[in-house]
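Single-letter residue listing:
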Amino acid sequence: MKQQKELVMSSFECGKIMVVDDEVINRDMLNGILTAEGYDVFGAVNGEHALSMIPDYEPDLILLDVVMPIMDGFEVTKKLKSEPIYQHIPIVLLTSLNNQDSRIKGLEAGAEDFVCKPFDRHELLARVRNLVRLKHLSDFLKNNNRILDEYDMLTGLPNRKSFQKQLNQALICAARDKATLGLIIVDINNFKNISDTLGSTLAELAIKGISERMNKVLDSEVFISRLGDSNFALIVPDAKTNIKIYSEKIYDVMSHPFLLAEKEVFMTARQGGALYPESATNWENLLKNAESAVHQSIKTDPKILYIYQPELGARLQHRINLENSLRYALPRQELFLNYQPQIDLRNGKIIGLEALLRWQHPEFGLIPPDEFIPLAEENGLIFAIGEWVLRTACTQNKAWQEAGLMPVNMAVNVSPYQFNDKKLIMQVNQALAASGLEPEYLELELTESVMLENPDVTLSTIHELRAMGVKISLDDFGTGYSSLSYLKSIEANRIKIDRSFITDITINPDDAVIVLSIIAMAHQMGRQVIAEGVENEEQMYYLLHNNCDELQGYFFSRPVPAKEVESLLAEERRLFIDANVVNKQKNTILIVENDVDVVESLQLELKKYNYEILVADNSTRAFELLAKTDIQVILFDQTKPEITSTDFLTKVRELHPNTVRIILNGYNDLQGISNLTDTNDVYKFMHNTGHYEHLLSNIQEAFKHHDLNDENIRLKSDLQRCHKELSIEGTHYPFDRQ
């Protein structure tokens, strides 16, 4: 086969070229260059002349000037490419218009290439030679039914029919040799959206680019084919050794951007695999199982190849049943909305509601959103469902307002698929107009993934929505691909901290650092911050003490039907926030000690100084108190067996860096003391001799140390604010001379 292709290509080095240019000097120059290389050349004086002569001359290539009277090169290209019998003739546009818009216009008209004047003779001949060869090869393939039937014309890879034959043959050989065989299906994520956004021409260039990259990194032992518009298949021999190696190569190929129309475009892919003989013993089932694995891979790390397991069959059947039922869920009124309140942490008031989609399946019961929403996105149902959610939420919010209830914000989640749909702006306008809801009471929640495919279009849509008066919030912040890089660009009113960072915020320093960083960064950019998934008092007070603006979660209310929301709003239900906890003026000390006698002695002495005294007999209780109370000084008995001073105080420093920490009985762990000193975890080490004068004196000094540190932080913040204001205003200092 390879030798046959080479023979065909070498036998068609020369061909027939039509030169279309209204300037005689240009036609003569091109005629001289091309005839010297052995090409047959025909000159046309303008576009109309060219169109009239093509049926008789039948050129292999057209060199077409762009700027001509009567009919320019773009129009000639469009006419030729609109005629099925001439679509296969390659066109090279020649022009002095050396700009991106002209090149894109020419490529969109259907031209295969673009050469700018004045051109380089060697470059022109190389382009002509390549296109003529491709034309001859295309002609050859069209006359060869077997090749045309088994190869993909865009990439040159074997197509699905050829793949099936090859896979069947590979399985026969593997059975004979008692060898393993692997099949990998590579599916390009959201390729339809990419095609709709960039256009079919650039989408085809993307597919060609992917196939070329794969061919470069895969060894000759791997058979690669194009199965459909956006998926490829790899047949991998010796699968137990090789399948993960080749999967990692594919992941690496897709991790780099593609340059399309001088813009970097990022694309991702998911991979599913199946093994012979474990998964199947014939090609039909092996292919079916690999495709099943691809569908399941959406829930896994994209770096990991998802291998089909036998139990996947039952899950796949359930998925198929759900997908079929979902198509009728909307007309059968099985979908409904619940609403979860959003709370202002300054006063505990309900300031907003998030509309949350639910599905009551007649057979399977309540289906979790994370199970059916991905299905809706994959099969395109998300557009109709999303429009229904938007319209229903707006109508309900307006109904509450007309009933005399206090106006609140209505947050509606928008899928990345919806957001990339050109109809979104129209749907928002229609939902607002039909319901009569003012735009200021509608908020669209987006995830960071909307920025991945076409950030320019996304930012433009956000800007248009903001101009309408609609609010934007960035949902699940910190979990996506672009959490920091796009925050400045996205005109979001609110940043929503993902629940995964809130769950252990009072005990996990890593989560706490992330949350506090998000709050500080968002406030610096003028965004409000809401934490979702708040489930207990300790989380609430920790967020409150650290300047989070709003919260949402089961601690106040789970998602509830509209009727219950009506009661909440009518009663003006609030989140209880203990003013004594928030506005505590007394100096507060936490004693971490489980010896009752020691605690009672310390309390008796400390009460003389009018301190607020809190006691924890274990670390869990200590972290609960620290989360909900503004504690300045911690007194920790190092001899507690439940947790070492090093572990406990290091974690306290990371979660509550402004506390002043004192160790009692510090002589028991000399190595721990040394470590704590090195990391500034401890202010003082004290020996418990039973006489408290020296200890009490040091506790007084610790409170003074805390106050001094607070004052330094305040002064530093004031200085930074003043510096920023002066930088922004660009004004002269008071004593600058004019």
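Quick look at the structure, then. This one's a predicted model, so the numbers in the text were calculated from it and none came from an experiment.

**Points about the pairing of strand S23 (residues 612-616)**
Working step 1: Summarising the sheet, strand S22 (residues 588-592) and S23 pair through five bridges and their orientation is parallel. Looking at the pairing, Thr 588 lines up with Glu 612 of S23.
Working step 2: Once you follow S22 into helix H23 (residues 596-606) and on to S23, the crossover reads as right-handed.

**Things to note about the sheet that holds S22**
Working step 1: Pairing in this open sheet of five strands is parallel, and the strands run S23-S22-S24-S25-S26 from one edge to the other. The open sheet has two edge strands, S23 and strand S26 (684-686), and neither has a second partner. Strand after strand, the sheet turns through a mean of 20° between neighbouring axes, direction not considered.
Working step 2: Of the pairings in the sheet, the one linking strand S25 (residues 660-664) to S26 comprises three bridges and is parallel in character. Looking at the pairing, Ile 662 lines up with Lys 684 of S26.
Working step 3: Across the sheet, H23 lies against S22, S23 and strand S24 (633-637), angled at about 170° from S23, the strand it touches most.

**Side note on unusual backbone geometry**
Working step 1: Note the cis peptide between Lys 117 and Pro 118, where omega equals -10°.
Working step 2: Pro 277 follows Tyr 276 through a cis peptide bond whose omega is 10°.
Working step 3: As for its placement among the helices and strands, Pro 277 is situated in the loop between strand S11 (269-276) and helix H12 (283-296).
Working step 4: You will see that Gln 333, though not glycine, has its phi angle at about 60°, which is positive.
Working step 5: Looking at the element boundaries, Gln 333 is found in the loop between helix H13 (312-329) and strand S13 (335-344).
Working step 6: Look at Gln 333 and you get exposed, because its relative accessible area is 70%.
Working step 7: A positive phi angle, close to 50°, is found at Glu 572, a residue other than glycine.
Working step 8: By the secondary structure assignment, Glu 572 is in the loop between helix H21 (562-570) and helix H22 (579-582).
Working step 9: On the basis of relative accessible area, Glu 572 is assigned to the exposed category, the value being 52%.

**Some points on the packing of aromatic side chains**
Working step 1: Within the structure shown, the criterion is met by seven aromatic pairs.
Working step 2: Plain terms: the ring middles of Trp 359 and Phe 372 are 5.6 Å apart, the flat faces sit at 80° to each other, and that makes the pair edge-to-face. One end of the pair, Trp 359, is in strand S14 (residues 350-361); the other, Phe 372, is in helix H14 (residues 369-379), and 13 residues separate them in sequence. Residues Trp 359 and Phe 372 agree in their burial class; the two are buried.
Working step 3: Linked through ring pairs, Tyr 609, Tyr 611 and Phe 703 together constitute an aromatic cluster.
Working step 4: The aromatic ring of Tyr 57 is capped on one face by Lys 16, whose charged end is 4.9 Å from the ring centroid.
Working step 5: Across the ring face of Phe 258, the terminal group of Arg 213 is positioned such that the distance to the ring centre comes to 3.7 Å.

**Considerations on the layout of surface pockets**
Working step 1: Volume-wise, the second largest pocket comes out at about 1,800 Å³.
Working step 2: Lining the second largest pocket are 44 residues, with Glu 112, Met 153, Leu 154, Glu 204 and Lys 208 positioned closest to its centre.
Working step 3: Of all elements in the fold, only helix H5 (100-109), helix H6 (121-142), helix H9 (191-198) and helix H10 (200-217) reach the threshold of two or more residues within the lining of the second largest pocket.
Working step 4: Split by residue class, the lining of the second largest pocket holds 20 nonpolar, twelve polar and twelve charged.

**Description of the nonpolar core**
Working step 1: Ranked by internal contacts, the top residues of the largest apolar core, which has 98 residues, are Leu 442, Leu 444 and Leu 590.
Working step 2: Aside from chain neighbours lying at most four places away, what touches Leu 442 is Leu 390, Cys 394, Asn 409, Met 410, Val 412, Val 428, Leu 432, Leu 437, Val 470 and Lys 471.

**What about the environment of Tyr 441?**
Working step 1: With respect to the secondary-structure elements, Tyr 441 resides in the loop between helix H17 (424-435) and strand S17 (442-447).
Working step 2: Since its relative accessible area comes to 21%, Tyr 441 is described here as partly exposed.
Working step 3: Remark: the alpha-carbon pair of Tyr 441 and Gly 469, spanning 28 residues in sequence, is separated by 8.8 Å.
Working step 4: If we ignore the near neighbours within four places in the chain, the residues touching Tyr 441 are Asn 397, Gln 401, Pro 407, Val 408, Asn 409, Met 410 and Lys 471.

**Thoughts on the packing of helix H20 (residues 537-545) against helix H24 (residues 619-628)**
Working step 1: It is at 6 Å that the axes of H20 and H24 come closest, and there the two elements cross at 45°. Regarding the angle of H20 to H24, the classification is oblique. Here Glu 537, Glu 538, Tyr 541, Tyr 542 and His 545 of H20 lie close against H24, whose contacting residues are Glu 624, Ala 627 and Lys 628.

**Notes on the packing of H10 against helix H11 (residues 239-254)**
Helix packing geometry: the angle between the two helix axes and the distance between the axes.
Working step 1: The interhelical angle for the contact between H10 and H11, taken along N-to-C directions, is 140°, at an axis separation of 10 Å. Compared by their axis directions, H10 and H11 come out oblique. The handedness of the crossing between H10 and H11 is right-handed. Here Ile 210, Arg 213, Met 214 and Val 217 of H10 lie close against H11, whose contacting residues are Lys 249, Ile 250, Val 253 and Met 254.

**A word on the sheet that holds strand S2 (residues 40-44)**
Working step 1: Spatially, five strands are ordered S2-S1-S3-S4-S5 in an open sheet, and the strand pairing comes out parallel. For this open sheet the edge positions go to S2 and strand S5 (113-116), each flanked by a neighbour on one side alone. Strand-to-strand twist of the sheet, defined as the mean angle between neighbouring strand axes without regard to direction, takes the value 20°.
Working step 2: The sheet contacts of helix H2 (residues 24-35) involve strand S1 (16-20), S2, strand S3 (61-65) and strand S4 (91-95), and relative to S2 the element is tilted by about 170°.

**Notes on H21**
Working step 1: All buried positions along H21 are accounted for by Ala 562, Val 565, Leu 568 and Leu 569. On an axial view of H21, the arc spanned by its buried residues comes to 110°, and they lie on one face. Among the exposed residues of H21, those pointing more than 90 degrees away from its buried face are Lys 563 and Ala 570.
Working step 2: The inward-facing, buried residues of H21 contact S13, S14 and helix H15 (382-402).
Working step 3: Positive phi appears at Glu 572, one or two residues downstream of H21, with a value of about 50°.

**Considering the pattern of salt bridges**
Opposite charge on two side chains allows them to pair when their charged atoms are near.
Working step 1: Going through the model one piece at a time under the given rule, you end up with 25 salt bridges.
Working step 2: The partner of Glu 112 in a salt bridge is Lys 81, with the nearest N and O atoms 3.0 Å apart. Residue Glu 112 is found in the loop between H5 and S5, and its partner Lys 81 is found in helix H4 (residues 73-81); the two are separated by 31 residues along the sequence.
Working step 3: Note that Arg 226 is salt-bridged to Asp 152, the shortest N-O span being 3.2 Å. Note that Arg 226 is positioned in strand S7 (residues 223-226) and Asp 152 in the loop between helix H7 (145-150) and helix H8 (160-177), a separation of 74 residues in sequence.
Working step 4: What makes Asp 152 buried here is its relative accessible area of 15%.

**A short note on H5**
Working step 1: Among all positions of H5, only Ser 102, Gly 106 and Ala 109 are buried. Down the axis of H5, the smallest arc covering the buried residues is 65°, so these residues share one side. The exposed set on the far side of H5, more than 90 degrees from its buried face, consists of Asp 101 and Glu 108.
Working step 2: Contacts from the buried residues of H5 go to H4, S4 and S5.
Working step 3: Positioned one or two residues after H5, Gly 110 has a phi angle of 125°, which is positive.

**Describing the pairing of S24**
Working step 1: Taking burial as the measure, the five residues of S24 include five buried ones, the bulk of the element.
Working step 2: Burial along S24 is two-sided: the face carrying Val 633, Leu 635 and Asp 637 and the face carrying Ile 634 and Phe 636 are both buried.
Working step 3: The sheet contact formed by S22 and S24 spans four bridges and is parallel. Residue pairing for S24: Ile 591 is matched across the bridge by Leu 635.
Working step 4: Relative to S25, S24 runs parallel, the two being bridged by five bridges. Each bridged residue has a counterpart across the sheet, and for Phe 636 the counterpart in S25 is Ile 663.

Thresholds, definitions, all that
Residues numbered from 1 in each chain as written. Predicted model: local features only at pLDDT ≥ 70, side-chain atom pairs only at ≥ 80, totals over all residues. Heavy atoms only, no water. Pairing = 2+ DSSP bridges. Helix = DSSP H or I, 4+ residues; strand = E, 2+ residues; numbered from the N terminus. Right-handed = clockwise from strand over helix to strand, strands pointing away. Axes fitted to C-alpha atoms, helices over the stretch in contact; angles between N-to-C directions. Contact = heavy atoms within 4.5 Å. Buried < 20%, exposed > 50% of the residue type's maximum accessible area, 1.4 Å probe, protein only. Phe/Tyr/Trp six-rings, centres within 6.5 Å; stacked < 30°, edge-to-face > 60°. Lys NZ or Arg CZ within 6 Å of the ring centre and 35° of its normal. 1 Å grid on protein atoms, 1.4 Å probe; cavity = no way out; pocket = protein on both sides within 12 Å on 5 of 7 lines; lining within 4 Å. Points joined across faces, edges and corners; volume = space filled by probe spheres on them. Nonpolar A, V, L, I, M, F, W, Y, C, P; charged D, E, K, R; others polar. Core = buried A, V, L, I, M, F, W, Y, C linked by side-chain atoms within 4.5 Å. Parallel < 35°, antiparallel > 145°, perpendicular 65-115°, else oblique. Left-handed = near helix turned anticlockwise from the far one by under 90°. Arc of directions from axis to C-beta. Salt bridge = Lys/Arg side-chain N within 4 Å of Asp/Glu carboxyl O.

Taken by themselves, the reported measurements are silent on function.
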